[in-house]
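# Notes for the structure review
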Amino acid sequence: QKEVEQDPGPLSVPEGAIVSLNCTYSNSAFQYFMWYRQYSRKGPELLMYTYSSGNKEDGRFTAQVDKSSKYISLFIRDSQPSDSATYLCAMSTLLHDYKLSFGAGTTVTVRA
Amino acid sequence: GAGVSQTPSNKVTEKGKYVELRCDPISGHTALYWYRQSLGQGPEFLIYFQGTGAADDSGLPNDRFFAVRPEGSVSTLKIQRTERGDSAVYLCASSLNPGGSPSYEQYFGPGTRLTVT
């Protein structure tokens, strides 16, 4: 079983919808939680970064971490066609905070 | 400013050959990372450099893989006796500082797509 599990989708939503993405993990040592966005043939780019549990909001994006359930989520409000991409969750431990463990990624298409 | 650059963007090689993949990090970034992304998967950690030294090479799959960063800037990932299973996108990332602060953000390059035939 992988350390980080992510539903690969694909997910197709109409423009303006709320996109909900999530990951589960098994390593209770994970303390840093990130969401990356990856466009086709590009490298991942950091969207959201959260330390430990709680919520974080940045514009249309909200990240949630529930360490008791080992579950993290990313919500995209008022989705736009430009949000069409693969979204990867990533996490790391305090001891090896540089070593990111990624989920497989969820491919999202926002239909105009 | 310039981001992380990787060359070549695509590399096709025959099974058993030797390949070198190059990464130019963002200027001033002391930390450099290599990841491998297989089709339909997330990136998988290979190695982390702090300056010129490999601080953690625990992700290298076997001794056919080796990476260097001799002057603390450009890094080269070297793969000997390539196998078809090595086919993947090899991503390089750099960060200003390693660690858990916001300056830890890893900036990724576009990757080198390696195909072993």
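The paragraphs below set out a description of the structure included in this document. (Residues numbered from 1 in each chain as written. Chains lettered and ligands numbered in written order. Predicted model: local features only at pLDDT ≥ 70, side-chain atom pairs only at ≥ 80, totals over all residues. Heavy atoms only, no water.)

## Structural notes on the overall build of chain B
- The secondary structure content of chain B amounts to zero helices and eleven strands.
- Listed by position from the N terminus, the elements making up chain B come as β-β-β-β-β-β-β-β-β-β-β.
- The C-alpha atoms of chain B give a radius of gyration of 13 Å, which matches the 13 Å a tight globule of 117 residues would have.
- Based on the C-alpha atoms only, the size of chain B along its principal axes is roughly 40 × 25 × 25 Å.
- The buried share of chain B, reckoned over its 117 residues, is 45%.
- Considering only contacts in chain B between residues 6 or more positions apart, those separated by 24 or more positions represent 55%.
- Across chain B, the centroid of the 11 positively charged side chains sits 7 Å from that of the 11 negatively charged ones. (Helix = DSSP H or I, 4+ residues; strand = E, 2+ residues; numbered from the N terminus. Rg over C-alpha atoms; globule rule 2.2 N^0.38 Å. Buried < 20%, exposed > 50% of the residue type's maximum accessible area, 1.4 Å probe, protein only. Contact = heavy atoms within 4.5 Å. Lys, Arg positive; Asp, Glu negative; His and termini not counted. Charge placed at Lys NZ, Arg CZ, Asp CG, Glu CD.)

## Some thoughts on the environment of Pro-81 of chain A
All names here are of chain A.
- Counting through the fold element by element, Pro-81 comes out in the loop between strand 8 (71-76) and strand 9 (85-93).
- Among the residues examined, Pro-81 registers a relative accessible area of 35% and is labelled partly exposed.
- Taking C-alpha positions, Pro-81 is 23 Å from Cys-23, a pair spaced 58 residues apart along the chain.
- Residues contacting Pro-81, with those up to four places away along its chain left out, are Glu-15, Val-110 and Ala-112.

## Side note on the interface of chain A and chain B
- Facing the 21 residues of chain A at the interface are 23 residues of chain B.
- Approximately 1700 Å² of surface area, both sides summed, lies buried where chain A meets chain B, with 53% of it carried by carbon and sulfur atoms.
- For the pair chain A and chain B, the interface holds one salt bridge.
- Inspection of the region where chain A meets chain B yields eight residue pairs in polar contact (both at pLDDT 80 or more). (Buried area = accessible area lost by both parts, 1.4 Å probe. Salt bridge = Lys/Arg side-chain N within 4 Å of Asp/Glu carboxyl O. Polar contact = N/O pair within 3.5 Å; in protein donor to acceptor, adjacent residues only side chain to side chain.)

## Re the pattern of salt bridges
- According to the stated counting rule, one finds eight salt bridges over all chains in the structure shown.
- Arg-37 of chain A is the salt-bridge partner of Glu-45 of chain A, the closest N and O atoms lying 3.2 Å from each other.
- Look at Glu-45 of chain A and you get partly exposed, because its relative accessible area is 34%.
- Since its relative accessible area comes to 16%, Arg-37 of chain A is described here as buried.
- Across the pair Asp-86 of chain B and Arg-64 of chain B runs a salt bridge whose closest N-O atoms are separated by 2.8 Å. On the criterion of sequence distance, the pair formed by Asp-86 of chain B in the loop between strand 8 (75-79) and strand 9 (88-95) and Arg-64 of chain B in the loop between strand 6 (53-56) and strand 7 (65-68) is long-range, its members being 22 residues apart.

## Comments concerning the packing of aromatic side chains
- By the definition in use, this model includes 13 aromatic pairs over all chains.
- Taken together, a centroid distance of 5.8 Å and an interplanar angle of 90° make the contact between Phe-102 of chain A and Tyr-35 of chain B edge-to-face. Note that Phe-102 of chain A is positioned in strand 10 (residues 101-102) and Tyr-35 of chain B in strand 4 (residues 31-37), a pairing that runs across two chains. Accessibility assignment for this pair places Phe-102 of chain A and Tyr-35 of chain B in one class, buried.
- Grouped by ring-pair contacts, the aromatic residues Tyr-36, Tyr-98 and Phe-102 of chain A together with Tyr-33, Tyr-35, Phe-45, Tyr-48 and Phe-108 of chain B constitute a single cluster. (Phe/Tyr/Trp six-rings, centres within 6.5 Å; stacked < 30°, edge-to-face > 60°.)

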